[in-house]
Amino acid sequence: MGKKVIKVLKGVAITGSAAAGVSVLGDANLAYAQSLEENVVEQTLEETVVETTLEVQTELNQFNTYTYETVESAEEAIAEAEVQITETEAEKAEAVAEMESVQQEIDLSVEEQASVQSQLDTAVNEKATLQQEMADRKEAYEEAGYATAGLDEQQVVVDEKIIEETAVRTQLDEANKDLTVDNYYKNQGRVLAKDMILYKLILTGEVSAEDADKVVFGENFNHDYVGKHYCVKYVKIIDGEPVYIERYFDYVTCDEEGNSLYQGLVENENDSSIVAGINVVEKTPTYKVWKEDSHKVSTYDKNVTGMIKNQKVFGYTFHAAQRDEQAGWYAEEGQQAKGVEWYTQKQYQQDAANRNEYKDFVETATTTISTLDEKIAELTATLSNITNQINYLCEDIEDIQVEIQEYDNKIKYLKDKVDALGDRIQEIMAGQQAQQVKNDVTTPVAATRTIEEAAVPAYVQTIQPVQAIQPVQTIQPIQSIQEVQVPLAVVDVEMEDDVVETVTIQEQEVAMAGENTRHMAVWNGSTLPLLGAIAGFIGITKVKRNEN
């Protein structure tokens, strides 16, 4: 805008000078030239300020700092912004403290979560270990035959018989009597042995619970010590076929350690103070005919009198070899003809204890697993609650972080605003300094009139060519128009470029006219600005009249 005005004024000044018939720019010290120089100084300073602040214009406009026209108003805005910064930093500090508090809650919850998780893992592992132990013991229980149907019932019977046998034997011991009196062997020993035999047959799977009551016990106790026996007959299904089994059992007394008390090997096998129970022994018979083993019963297709007998067991009829009673009972070297230990009372007690212990274990383990299930469910629920709490707290942390970020953004905004306001203050002060420089450079001239006072039109009409002026005496060389300063009064006046057509009078012609009026060069410099303005006004008026 300033450059457009200078361009117009250049033409106006030259035109006005030519119209007056004199050179008004002949001397650099002329008042009019000084006025132009003052305005150029002002324009230069303003452009310098604009250039130095161009980089911060966007930032200044962002905060609308141009609404602050004085240093005082900008400083007040800075003070207000700094108060807001202090308040925002305090709010941020509270948010940070809150975030730290929430983080502490998260840390505690994480520790609690780890503790609960550890307890849960322990409970789960304990349950798994217990379940595995139950599975292992169940397998061993079943392999030992302890799970065989009917064994529970038979164990009850045996236990009852042991209690009875023990009571009678204790009474005999207390009466200082041996076991040969009061029918101990017939009423207690023999009955207990029979039930122990049946228990083991069921335990080993020789006889099923359904066929237990079908087992034949032939009693032959009217013989001597060695000859007494049970002849036990039953049927066993082998490979889908019924097989006749015939076995001979007897029993002997035993001591507290379970050792069998055979007659002849101890001082008195009937001593009630020594005997602690009975052991079942199995005898080995000798058969009159056999197929493979003379000591193992064999069956045949038909009955042979005196050698093979008919045997009807479990509804089946077999032809079996007869025992050779004359040959007696077979015993290998080191064994007793009375029989070898087949099922001792200690063995029965161990089997019964194993079965009872397993049942107790299953009951306890089942209760423990149930308790563990409840504990696991409770710990799982607690862990879920803690996990949810941690998630909620983490969401709170995220929200607080967003809040803190907003505070940071606000603080940054306010600090940037303070900086922008500081720049605005510098800008205002620079403008004031420029004004001061302008005031210092400008020398007020009373005769000087502004374009507005001279009633210069708002736009410049096209100027018709001016007739040549008579030669004048040569004066001092004319100063280049570029070196001429713009009058201060017209710096802020902008002319429209599209309606301005300035005709510049050649400097030679101006000089020629000056040759004839040399004496005008010594005019008082204070009158020149007025003459220039009048000349400009006359020229512009002429242009306007010609257009009309």
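Overview of the structure.

Rules behind the numbers
- Residues numbered from 1 in each chain as written.
- Predicted model: local features only at pLDDT ≥ 70, side-chain atom pairs only at ≥ 80, totals over all residues.
- Heavy atoms only, no water.
- Helix = DSSP H or I, 4+ residues; strand = E, 2+ residues; numbered from the N terminus.
- Buried < 20%, exposed > 50% of the residue type's maximum accessible area, 1.4 Å probe, protein only.
- Contact = heavy atoms within 4.5 Å.
- Areas by Shrake-Rupley, 256 points an atom, 1.4 Å probe, with all protein chains shown as cover.
- Pairing = 2+ DSSP bridges.
- Salt bridge = Lys/Arg side-chain N within 4 Å of Asp/Glu carboxyl O.
- Expected span 1.5 Å × (residues − 1).
- Bend = angle between axes of the 7 residues up to and from the residue.
- Polar contact = N/O pair within 3.5 Å; in protein donor to acceptor, adjacent residues only side chain to side chain.
- Phe/Tyr/Trp six-rings, centres within 6.5 Å; stacked < 30°, edge-to-face > 60°.
- Lys NZ or Arg CZ within 6 Å of the ring centre and 35° of its normal.
- 1 Å grid on protein atoms, 1.4 Å probe; cavity = no way out; pocket = protein on both sides within 12 Å on 5 of 7 lines; lining within 4 Å.
- Points joined across faces, edges and corners; volume = space filled by probe spheres on them.
- Nonpolar A, V, L, I, M, F, W, Y, C, P; charged D, E, K, R; others polar.
- Core = buried A, V, L, I, M, F, W, Y, C linked by side-chain atoms within 4.5 Å.
- Axes fitted to C-alpha atoms, helices over the stretch in contact; angles between N-to-C directions.
- Parallel < 35°, antiparallel > 145°, perpendicular 65-115°, else oblique.
- Left-handed = near helix turned anticlockwise from the far one by under 90°.

1. Points about the overall build of the protein chain
If you tally the helices and strands in the protein chain, you get nine helices and nine strands. Across the 548 residues that make up the protein chain, the buried fraction comes to 39%. Excluding contacts between residues fewer than 6 apart, the proportion of contacts in the protein chain whose partners are at least 24 apart in sequence is 76%. Surface exposure of the protein chain reaches about 31100 Å², of which carbon and sulfur atoms provide 48%.

2. With respect to the pairing of strand β7 (residues 308–313)
Here six bridges tie β7 to strand β8 (residues 316–321), and the two strands are oriented antiparallel to one another. The partner of Val-313 across the bridge, within β8, is Tyr-316. Counting the residues in the hairpin turn of β7 and β8 gives two residues, including Phe-314, whose phi is positive at 55°.

3. Structural notes on the pattern of salt bridges
The final tally for this structure, using the stated rule, is 18 salt bridges. In this structure, Glu-206 and Lys-236 form a salt bridge, with 2.7 Å as the shortest nitrogen-oxygen distance. Taken together, the positions of Glu-206 in the loop between α6 (184–203) and β1 (216–220) and Lys-236 in strand β2 (residues 229–238) put the pair 30 residues apart, joining distant regions of the chain. A residue is classified by how much of its surface remains accessible, and Glu-206, at 17% relative accessible area, is buried. Salt-bridge contacts for Asp-211 lead to Lys-214; the nearest nitrogen and oxygen are separated by 3.4 Å. The class for Lys-214 is partly exposed, based on a relative accessible area of 42%. Because the salt bridges share partners, they merge into one network encompassing Glu-133, Arg-137 and Glu-357.

4. Notes on α6
With 20 residues, α6 should cover 28 Å at 1.5 Å per step; its first-to-last C-alpha distance of 27 Å lies within 8% of that length. In α6, a bend of some 25° at Arg-190 exceeds every other bend along the element. Counting buried positions over the 20 residues of α6 gives 15, a clear majority of the element. Two residues or fewer after α6 comes Gly-205, characterised by a positive phi angle close to 80°.

5. Considerations on the side chain of Arg-247
In this fold, Arg-247 is placed in strand β3 (residues 241–254). The exposure class assigned to Arg-247 is buried, which follows from its relative accessible area of 17%. Among the polar contacts made by the side chain of Arg-247, one reaches the side chain of Glu-282 at a distance of 3.0 Å. Those residues in contact with Arg-247 that lie beyond four places of it in its chain are Leu-201, Glu-206, Tyr-230, Cys-231, Val-232, Tyr-234, Glu-282 and Trp-342.

6. Observations concerning the sheet that holds β8
Pairing is antiparallel across the open sheet formed by three strands, whose spatial order is β6-β8-β7. Each edge of the open sheet carries a strand with a single partner, namely β6 (299–300) and β7.

7. Looking at the packing of aromatic side chains
Applying the stated criterion to the full structure yields 15 aromatic pairs. Between the aromatic rings of Tyr-199 and Tyr-343, the centroid separation amounts to 6.4 Å while the plane-to-plane angle is 10°, which identifies the pairing as stacked. One end of the pair, Tyr-199, is in helix α6; the other, Tyr-343, is in strand β9 (residues 340–343), and 144 residues separate them in sequence. Exposure remark for Tyr-199: the relative accessible area of 0% places this residue in the buried category. Relative to Tyr-348, the ring of Tyr-343 has its centre 6.4 Å away and its plane inclined at 90°; by these criteria the two rings are edge-to-face. Using a relative accessible area of 2% as the deciding quantity, one classes Tyr-343 as buried. Owing to a relative accessible area of 1%, Tyr-348 belongs among the buried residues under this scheme. Site record: aromatic cluster; members linked through ring pairs are Tyr-184, Tyr-185, Phe-217, Phe-221, Tyr-230 and Tyr-251. One cation-aromatic arrangement involves Lys-283 over Trp-329; the distance from NZ or CZ to the ring centre is 5.4 Å. One cation-aromatic arrangement involves Lys-291 over Tyr-300; the distance from NZ or CZ to the ring centre is 5.2 Å.

8. Comments concerning the layout of surface pockets
Roughly 620 Å³ of volume is contained in the largest pocket. Surrounding the largest pocket, 25 residues form its lining, Tyr-244, Ile-245, Lys-296, Val-297 and Ser-298 being those nearest its centre. When residues of the lining of the largest pocket are traced back to their parent elements, those giving at least two are β2, β3 and β5 (277–283). Ranked by residues supplied to the lining of the largest pocket, first place goes to β3 with seven residues. The residue makeup of the lining of the largest pocket, split by class, is 12 nonpolar, four polar and nine charged.

9. Structural notes on the nonpolar core
Ile-197 and Val-232 are the most contacted members of the largest nonpolar core, which totals 58 residues. Non-local contacts of Ile-197, meaning those with residues more than four positions away in its chain, are made with Phe-217, Tyr-230, Val-232, Phe-249, Val-280 and Trp-342. Judged by nonpolar contacts, the second largest core, of 13 residues, contains Val-71, Ala-74, Ile-78 and Ile-428.

10. Description of the packing of helix α4 (residues 71–143) against helix α7 (residues 345–441)
With their axes 5 Å apart at the nearest point, α4 and α7 run at an angle of 165° to one another. The angle between the axes of α4 and α7 places the two elements in the roughly antiparallel class. In the crossing of α4 with α7, the sense of the turn from one axis to the other is left-handed. Here the residues of the contact of α4 with α7 sort into 43 nonpolar, 16 polar and 23 charged.

11. Structural notes on the environment of Trp-329
Within the element layout of this structure, Trp-329 appears in the loop between β8 and β9. Under the relative-accessibility criterion, Trp-329 is labelled buried at 15%. A sequence separation of 81 residues divides Trp-329 from Tyr-248, and the C-alpha atoms of the two residues are 9.9 Å apart. Trp-329 has contacts with Val-226, Gly-227, His-229, Tyr-248, Lys-283, Thr-284, Pro-285, Arg-323 and Ala-337, leaving out every residue within four places of it along the chain.

12. Examining the packing of helix α5 (residues 151–174) against α6
One way to put it is that α5 packs onto α6 with a least axis distance of 9 Å and a crossing angle of 155°. Overall, the two elements α5 and α6 adopt an arrangement that is roughly antiparallel. At the point where α5 passes α6, the crossing takes the left-handed sense. Contact residues: Leu-151, Gln-154, Gln-155, Val-157, Val-158, Lys-161, Ile-162, Glu-164, Glu-165, Val-168, Arg-169 and Leu-172 in α5; Tyr-184, Gln-188, Val-191, Leu-192, Asp-195, Met-196, Leu-198, Tyr-199, Ile-202 and Leu-203 in α6. By residue class, the composition of the contact of α5 with α6 is 14 nonpolar, three polar and five charged.

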